[in-house]
Amino acid sequence: MSGPNTDYDPVEVTPLKPEEVEASRDAALAAIAAATDLAELKQVRIDHTGDRSPLALANREIGALPPQARKEAGQRIGQARGAVNQALGRRQAVLEAEHEERMLVEETVDVTLPTDRIPTGARHPLTTGAELIADIFVAMGWEVAEGPVIEAEWLNFDALNLGPDHPARTMQDTFWTEPPENHLVLRTHTSPVQARTMLSRTPPIYVVCPGRVFRTDEYDATHSPVFHQVEGLAIDEGITMANLKGTLDHFAAAMFGEGISTRFRPSYFPFTEPSAEVDLVCFVCRGAGVLDGATCRTCRGEGWIEWGGCGVVNPRVLTACGIDSERYTGFAFGMGIDRTLMFRHGIEDLRELFEGDIRFTTAFGTEL
Amino acid sequence: MKAPVSWIREYVDLPDGVTTEDLAARLTALGLKLEAIEKPGDQITGPLVVGRVLTMQPEPQKNGKTINWCTVDVGDANGTGEPQGIVCGAHNFAPGDHVVVILPGGILPGNFEISARKTYGHLSAGMICSARELGLGEDHDGIIVLPEGAGAPGDSAFAVLGLDDEVIEFEINPDRAYALSLRGVAREAALAYDAPYRDPADRPVPEPNADGHPVQIDDPAGCPVFVARTVRGFDPAATSPDWMVRRLTQAGMRPISLAVDVTNYVMLEIGRPIHGYDADKIAGPIRVRRAADGERLTTLDGVDRPLSTEDLVVTDDSGIIGLGGVMGGETTEMSSTTTSVLVEAAHWDATSMFRTGKRHKLTSEAGKRNERGVDPVVTQAAADRVVELLTTYGGGTADAGVTVVGTPPVATAIAMPDDLPARVSGIDISRETARQHLLAVGCELADDGYLPPPWRPDLTDPYDLVEEVVRVVGYDQVPSVLPREAAGRGLTREQRLRRRVGRLLAGAGCVEVISFPFIGDAALDALGLPADDVLRSTVKLANPLSSEDPSYTTTLLPGLLKAAARNLGRGATGVSLFETGTVAFPVDRGPAPIYGVDWRPSDDELAKLFEALPEQPLHLAVVLAGERERAGWWGAGREAGWSDAIGIVRRLGTELGVDVEVVSASRAPWHPGRCARVLVDGTELGHAGELHPKVCQEFGLPPRSAAVELDLDLLMRRARDVTPGPEFSTYPLAKEDVALVVDVAVTTAAVEAALREGAGELLESIRLFDLFTGDQVGDGRKSLAFALRFRAPDRTLTEEETTAARDAAVALAAERTGAVQRS
Ligand SMILES: [Zn+2]
């Protein structure tokens, strides 16, 4: 540092000479402009604005000036430092933007790399299918009823108007538990759930009963000793076959699309009288029987698909279940869930449903 | 039931232009469901004619075969009237025989065009046909030789062979046994077209008298009517007429002999099963009774059968000669030397027929009709028709004696409210319409309602009559009307929870499986279950499909383990499967009662019935085998292990708002040191962990495969219903990490519980973040590092408060578990 400058001559203090200050400022600005990355700029900042930078050193000399000269010199230095700091800030922003841009480019990844670290799970189409059916009925205000699979003989047969000598008892070859005198069966249909509902509730009753059922069928592409049914039951005042038709038409349209309806054919079920078979308009050819000039594979050219059975609940069943058959009428229907899924999805072999092959089940992962 | 259209038309005058398809469709709409239409001549185009063989010259060929060079009279069918020269490879005919000839220009099934062609040195102008070439069967032993009088040379062979007669096969529901006859099918056809009908059973029959074979009915409930007629001097060598053979064949029955064919024919025609005995082998009067204990009978099929006291039998002085209505006995069987036939047309109680058929595992065309209910009124007509056909085609004479014992049961009138058809069907059906339709199906008006016709034993209730009315009106007339809106409560709690559990598991990468719930010792052994394991106490099936798996299952694991192995065997590198399903545990609370159906059982009675059922909880099982996380560009894969299984249990608990407790346990089929017992409030839900190495081996799964099996019902029962709104602080968090060294036998849960309790209310959460063993911590010791997070609801915690809470936590852990803090 210079000694006291008593005779007031700023020019005597070399670092404070205007040309010296200007030169320091210009050198700083040039270095800033020349800095190509943030590291260089950092060094420039140290070199030109740090404690040992020429402008900082010059600033310290201000004290050496006589008081009347300090103001002017201070202004001069301040302006130069301001210009340098401003340039530094601008350059910093530019270089930071450049740096960020470069970093993002460098961090580029191959987004097509596989990401399947955890394998995909899936629910079974029989489960989601049964839920879809349940939801259609729940939306109409129905409820979903369930019951045990090992069932009392009385509930599986007698209460449903299948007496001990009813031919239907052999038609549906039944699994009996040991000893048969215990009168327990693996339920042959979900109808005992309907009986349980009628026994435990008072009308109006609107329930669907999806569930697993058993018959002693050999296991092949279209038969299984274990399969799944959904049955429906409505008991109310003034229920008619027309309500049955309306309900099934609604069900068909909800499950297979607008315009898909049903037709009835006379049939026989002990549980119902009158009884009907339900056919569904083929949802693939929409009843035409032909598709693109060829016989429709789904309905085999018939335009209709056999879907299930239905009818007006036999008053004997109402009586056995404690419902006043003079006051109430009811309807019931039932269809195979497995079979419905088979034709809905074009599944050729029923056994695929029970093999547990994950390739089969995950294919249904998009099912709601 | 196969019904030739020409046979139907014999009894009903169908309108002009009715096609077989139309007829089948109308009958289907009435309840006789179309199965198939057989059109035997569909694939043949003429000229197919009857020919008479004039000459045949055998000519041996170089290839070892001998061909016949024939001339055949085909009348004017060839346009010239000259004999037709045809080469034929068959040898089962002779000059003079009538054969079937297809002339050049004709087409046989398989689009096989016939033309005159040079072969074996002759110009062969046509072909003499075999049954197979005509699509009439597989018989290729030779050409068809027509019976005598089956047409003249040049006649079209279509009619002669029945090729122009279409056959409709119907599926007949059990309530419509009357439609198991042409009489019944034709009646429905008449109903369908409102066309004139002739009842083949409506025939004059001789008056019963006392000169017939004596018959006594001891059990009129089992056998209300027994008609016996006798034909003598019958020619046992007589053959069935060609038309009868054809109709039997069309109807799917095998022609056997005239006597047998006639009884079958009449059964098809009228619906009444007939039994024919060799009259010369019957000794003394016929009696019908129930069998006595210990009696036996060798039936026609050669089976010696012990009889039940419920079986109805036909006897003579020699003993039992037949199982009434089901099958005759060997001793009185008609044979190739039978010249006297006793014709039995009896009405049998349907229930007895059903039980006897079931007991003896006998199914027959006769039994099928008898057990479903046959018209009891037509016994005489049927017997008389049999006598007529036997004497016409077999010679001999009918005895003047006509035995008719008993009277047919009479139906009772059914009262049907006039508005019932409309009320049930939702179709506007007037009283007049209902009456008209019921009369059309054969009902008669009685004072107290409608009297059903005798061939309709199925009509017993007003609703049965409604079905008759509605099917005649047409099921297609039923309008489509939604019922009133029901006020449902939506899915039940369990139903919603089950969906949630399924979605959670699928989201965790598990694939749902549905397996058959049957199990046997092999699978239970493979699980390594001890002899007294509760899972070995199963509900056994009386008639299992396979003796390997004779019980309803007590565990879902074998099904899943097999499915896992199947997937790995098919190339999967890892598989995570789950199943929710019912298992069953036997209860010994006696048989389920059988109640009547005329009124509702009382609540107590129902409770007794429900109690008799086995316990049937819903289980959830998961199996994880092989790669749980895949290897990839991110690094190595990870095999499934015990922690994945327990992790799934914990996630389930979190999802359902249930505090599941995991304690170490030892239970087959799990690894004894890597098995967790899962508890909720002290109740066992099930187990999870790594499978025993032997179990993995048994099921062909990689080592360290893991599994879970829980009682899902129990878990769902404890699921939180209403979640209280959480309260949480927004003051700053204070973190403290502690590392504690304990004996390896001390569980993390125990240390964590002590820390939690010791830390007190300020502790917000605690989490194990590191675990290690080794030299640094010493033999038999392990280091557990926990991250503790503290926060107060109302203030920022001071360092002193946090430290004090941490120290209290460590102190309690030290006291409870011997934990020593690592410095
Ligand atoms: Zn179609």
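Predicted model only: the values in this text are computed from it and were never measured.

Visitor: Provide a residue-level description of the overall build of chain A, including the pertinent values.
Guide: When its secondary structure is counted, chain A shows 13 helices and eleven strands. Against the compact-globule benchmark of 21 Å for 368 residues, chain A has a radius of gyration of 44 Å, which places it well outside the compact range. For chain A, the spread of C-alpha atoms along the three principal axes comes to 135 × 50 × 45 Å. Considering chain A as a whole, with its 368 residues, one finds that 55% of them fall into the buried category. Sequence-distant contacts in chain A: of pairs separated by 6 or more residues, those separated by 24 or more amount to 66%. In the structure as shown, chain A presents an accessible area of about 16000 Å², 51% of it carried by carbon and sulfur atoms. Here chain A carries 33 positive and 55 negative side-chain charges, and the mean point of each set is 6 Å from the other.

Visitor: How would you explain the overall build of chain B if you had to name every residue and give the values?
Guide: When helices and strands are counted, chain B shows 21 helices and 42 strands. Computed over the C-alpha atoms, the radius of gyration of chain B is 41 Å, more than 25% above the 28 Å expected from 2.2 N^0.38 for a compact globule of 823 residues. Taken over the C-alpha atoms alone, chain B extends approximately 125 × 80 × 60 Å along its principal axes. In chain B, 71% of the contacts between residues at least 6 apart in sequence involve partners at least 24 apart.

Visitor: Before we move on, could you go through the pattern of salt bridges and cite the residues and values that matter?
Guide: Think of it this way: side chains of opposite charge can pair up when their charged atoms draw near. Residue and element names in this part refer to chain B. In the structure shown here, the tally under the stated rule is 82 salt bridges over all chains. E468 is the salt-bridge partner of R456, the closest N and O atoms lying 2.8 Å from each other. Of this pair, R456 sits in the loop between β27 (449-451) and α12 (462-473) while E468 sits in helix α12; the two residues are twelve residues apart in sequence, bridging distant segments of the chain. With a shortest N-O distance of 2.8 Å, R471 and E468 are connected by a salt bridge. With a gap of three residues between them, R471 and E468 both fall in helix α12, about one helical turn apart. Residue R471 is classed as buried on the basis of its relative accessible area of 2%. By sharing partners, the salt bridges in this structure join R176, E188, R456, D458, E467, E468 and R471 into a single network.

Visitor: Could you give an account of the confidence of the model for chain B, with specific residues and numbers?
Guide: For chain B, the mean per-residue pLDDT works out to 93, and 99% of the residues sit at or above 70. Taken together, the chains of this predicted complex give a pTM of 0.86 and an interface ipTM of 0.87.

Visitor: Tell me what's going on with the coordination of the zinc ion, and back it up with residues and numbers.
Guide: Angles at a metal have ideal values that depend on geometry: 109.5 degrees with four tetrahedral donors, 90 or 180 degrees with six octahedral donors. Residues and elements named next belong to chain A. The zinc ion binds to the protein through C282 (SG), C285 (SG), C296 (SG) and C299 (SG); the donor distances cover 2.2 to 2.3 Å. The site at the zinc ion holds four donor atoms, and with the angles between them running 105 to 114°, its shape is tetrahedral. For the zinc ion, the single-chain donor residues occur in sequence as C-x2-C-x10-C-x2-C. Within this pair, whereas C285 is found in the loop between β7 (272-281) and β8 (290-291), its partner C296 is found in the loop between β9 (294-295) and β10 (304-313), the two being separated by eleven residues in sequence.

Visitor: Go over helix α8 (residues 191-200) of chain A, please, and point to the residues and values.
Guide: Across the ten residues of α8(A), nine count as buried, placing the element largely inside the fold. Within α8(A), the full set of buried residues consists of A:S191, A:P192, A:V193, A:Q194, A:A195, A:R196, A:T197, A:M198 and A:L199.

Visitor: I'd like a rundown of the domain arrangement of chain A, residues and numbers included.
Guide: The assigned domain composition of chain A is domain 1 (14-106) and domain 2 (125-364). Computed from C-alpha atoms alone, the centre-to-centre distance between domain 1 of chain A and domain 2 of chain A is 88 Å.

Visitor: How would you summarise the interface of chain A and chain B if you had to cite specific residues and measurements?
Guide: Each side of the interface is counted separately: chain A has 108 residues, and chain B has 99 residues. At the boundary of chain A with chain B, total buried surface from both sides reaches about 8600 Å², with 59% on carbon and sulfur atoms. The largest per-residue losses of area from chain A upon contact with chain B belong to A:R117, A:W154 and A:P266, which jointly make up 8% of the total buried on that side. On inspection of chain A and its partner chain B, the count reaches twelve salt bridges. Among the salt bridges present, the one from B:R570 reaches A:E355, with a minimum N-O distance of 2.7 Å. Counting every contact that joins chain A to chain B gives 41 residue pairs in polar contact (both at pLDDT 80 or more). Looking at which element gives the most residues to the side of chain A that touches chain B, the answer is helix α9 (residues 241-256) of chain A, with eight residues. Of the residues in the side of chain A that touches chain B, the class split is 50 nonpolar, 29 polar and 29 charged.

Visitor: How would you sum up the domain arrangement of chain B? Please name residues and give values.
Guide: One can read the domain layout of chain B as domain 1 (2-39 + 166-193), domain 2 (42-161), domain 3 (215-406), domain 4 (420-477), domain 5 (493-718) and domain 6 (734-821). One C-alpha centre belongs to domain 3 of chain B, the other to domain 6 of chain B; they are set 93 Å apart.

Visitor: Explain the sheet that holds strand β14 (residues 215-217) of chain B to me, using residue names and the numbers behind them.
Guide: Residues and elements named next belong to chain B. Strands sit in the order β14-β17-β20-β21-β22 across an open sheet of five strands; the sheet is mixed. Looking at strand neighbours, the two that pair on one side only are β14 and β22 (327-328), the edges of this open sheet. Note: strand β21 (residues 319-323) against β22, two bridges, orientation antiparallel. The residue bridging L323 from the neighbouring strand is M327, located in β22.

Visitor: An account of the side chain of B:R499 is requested, with residue identities and associated values reported.
Guide: Mapped onto the secondary structure, B:R499 falls in helix α13 (residues 493-507). Side-chain polar atoms of B:R499 contact the side chain of A:D135, separated by 2.9 Å. Ignoring anything within four residues of it in the chain, the contact list for B:R499 reads A:R123, A:E131, A:A134, A:D135 and B:L491.

Visitor: I'd like to hear about the packing of α13(B) against helix α17 (residues 642-656) of chain B, residue by residue, with values.
Guide: Residues and elements named next belong to chain B. α17 packs onto α13 with a crossing angle of 140° between their chain directions and a minimal axis gap of 11 Å. With respect to each other, α13 and α17 are oriented oblique. Seen from above, α13 lies across α17 with right-handed handedness. Contacts between α13 and α17 involve L497, R500, V501, L504 and L505 on the former and, on the latter, I648, R651, L652, E655 and L656. In terms of residue class, the contact of α13 with α17 is made up of seven nonpolar, no polar and three charged.

Visitor: Quick rundown of helix α1 (residues 18-34) of chain A? Include the residues and the values.
Guide: All names here are of chain A. End to end, α1 covers 24 Å across 17 residues, agreeing with the expected 24 Å (1.5 Å per residue, within 8%). For α1, the full list of buried residues reads V21, S24, A28, A31 and I32. The arc enclosing the buried residues of α1, seen along the axis, measures out at 105°, which places them on a common side. Facing away from the buried side of α1 by over 90 degrees, the exposed positions are A33 and A34.

Visitor: Outline the packing of aromatic side chains, listing residues and values.
Guide: For the coordinates displayed, the defined rule picks out 26 aromatic pairs over all chains. Here A:F256 and A:F283 contribute two aromatic rings whose centre-to-centre distance is 4.8 Å and whose plane-to-plane angle is 35°, an arrangement assigned as tilted. Within this pair, whereas A:F256 is found in helix α9, its partner A:F283 is found in the loop between β7 and β8, the two being separated by 27 residues in sequence. With respect to class, A:F256 is no different from A:F283; both count as buried. What links up through ring pairs into an aromatic cluster is the set A:F137, A:W142, A:Y206, A:F251, A:F256, A:F283, A:W307, A:F331, A:F333 and A:F343. Over the ring of B:W455 we find B:R187, and its NZ or CZ is 3.4 Å from the ring centre.

Visitor: So, the nonpolar core: which residues are in play, and what are the values?
Guide: Counting 135 residues, the largest nonpolar core has A:F251, A:F333 and B:L23 as its most contacted members. Excluding anything up to four places from it in sequence, B:L23 contacts B:V5, B:I8, B:L14, B:V18, B:I168, B:A189 and B:Y193. Judged by nonpolar contacts, the second largest core, of 44 residues, contains A:W154, A:F175, A:L184 and A:V185.

Visitor: Quick one: what's the story with a negative patch on the surface, residue by residue and with numbers?
Guide: Residues and elements named next belong to chain A. Together, E96, E98, E100 and E101 make up a region of like negative charge exposed at the surface. As for its position among the elements, E96 is in helix α4 (residues 67-106). Classification of E96 by relative accessible area gives partly exposed; the value is 40%.

Visitor: Would you mind going over the sheet that holds strand β40 (residues 763-772) of chain B in detail, with residue names and values included?
Guide: Residue and element names in this part refer to chain B. Pairing is antiparallel across the open sheet formed by four strands, whose spatial order is β40-β41-β39-β42. Only two strands of the sheet have a single partner each, and these edge strands are β40 and β42 (820-821). In this structure, β40 lies alongside strand β41 (residues 781-790), joined through eight bridges in antiparallel fashion. Directly across from R767, in β41, lies its bridge partner A787. Running at roughly 35° to β41, helix α20 (residues 748-759) makes contact with β39 (734-743), β40 and β41 of the sheet. Those strands touched by helix α21 (residues 799-817) are β39, β41 and β42, and its axis lies near 15° from that of β39.

Visitor: Which residues make up the pairing of strand β3 (residues 48-60) of chain B, and what values go with them?
Guide: On any regular strand, side chains alternate: one points to one face of the sheet, the next to the other face. Residues and elements named next belong to chain B. Examined bridge by bridge, β3 and strand β6 (residues 98-102) share five bridges and lie antiparallel to one another. Bridging from a neighbouring strand, G51 pairs with V99 of β6. Summarising the sheet, β3 and strand β4 (residues 66-73) pair through eight bridges and their orientation is antiparallel. Within the sheet, the bridge partner assigned to V53 lies in β4 and is V72. Hairpin geometry of β3 and β4 is characterised by an intervening segment of five residues between the two adjacent antiparallel strands and by a positive phi of about 95° at G64.

Rules of the game
- Residues numbered from 1 in each chain as written.
- Chains lettered and ligands numbered in written order.
- Predicted model: local features only at pLDDT ≥ 70, side-chain atom pairs only at ≥ 80, totals over all residues.
- Heavy atoms only, no water.
- Helix = DSSP H or I, 4+ residues; strand = E, 2+ residues; numbered from the N terminus.
- Rg over C-alpha atoms; globule rule 2.2 N^0.38 Å.
- Buried < 20%, exposed > 50% of the residue type's maximum accessible area, 1.4 Å probe, protein only.
- Contact = heavy atoms within 4.5 Å.
- Areas by Shrake-Rupley, 256 points an atom, 1.4 Å probe, with all protein chains shown as cover.
- Lys, Arg positive; Asp, Glu negative; His and termini not counted.
- Charge placed at Lys NZ, Arg CZ, Asp CG, Glu CD.
- Salt bridge = Lys/Arg side-chain N within 4 Å of Asp/Glu carboxyl O.
- pLDDT = per-residue confidence, 0-100.
- Donors = N, O, S within 2.8 Å, 3.2 Å for Na, K, Ca; no water.
- Tetrahedral: all angles 85-135°; square planar, octahedral: opposite > 155°, others 65-115°.
- Domains from an automatic or database assignment.
- Buried area = accessible area lost by both parts, 1.4 Å probe.
- Polar contact = N/O pair within 3.5 Å; in protein donor to acceptor, adjacent residues only side chain to side chain.
- Nonpolar A, V, L, I, M, F, W, Y, C, P; charged D, E, K, R; others polar.
- Pairing = 2+ DSSP bridges.
- Axes fitted to C-alpha atoms, helices over the stretch in contact; angles between N-to-C directions.
- Parallel < 35°, antiparallel > 145°, perpendicular 65-115°, else oblique.
- Left-handed = near helix turned anticlockwise from the far one by under 90°.
- Expected span 1.5 Å × (residues − 1).
- Arc of directions from axis to C-beta.
- Phe/Tyr/Trp six-rings, centres within 6.5 Å; stacked < 30°, edge-to-face > 60°.
- Lys NZ or Arg CZ within 6 Å of the ring centre and 35° of its normal.
- Core = buried A, V, L, I, M, F, W, Y, C linked by side-chain atoms within 4.5 Å.
- Patch = residues over 30% accessible without salt bridge, like charges linked within 9 Å, V, L, I, M, F, W, Y side chains within 5 Å.

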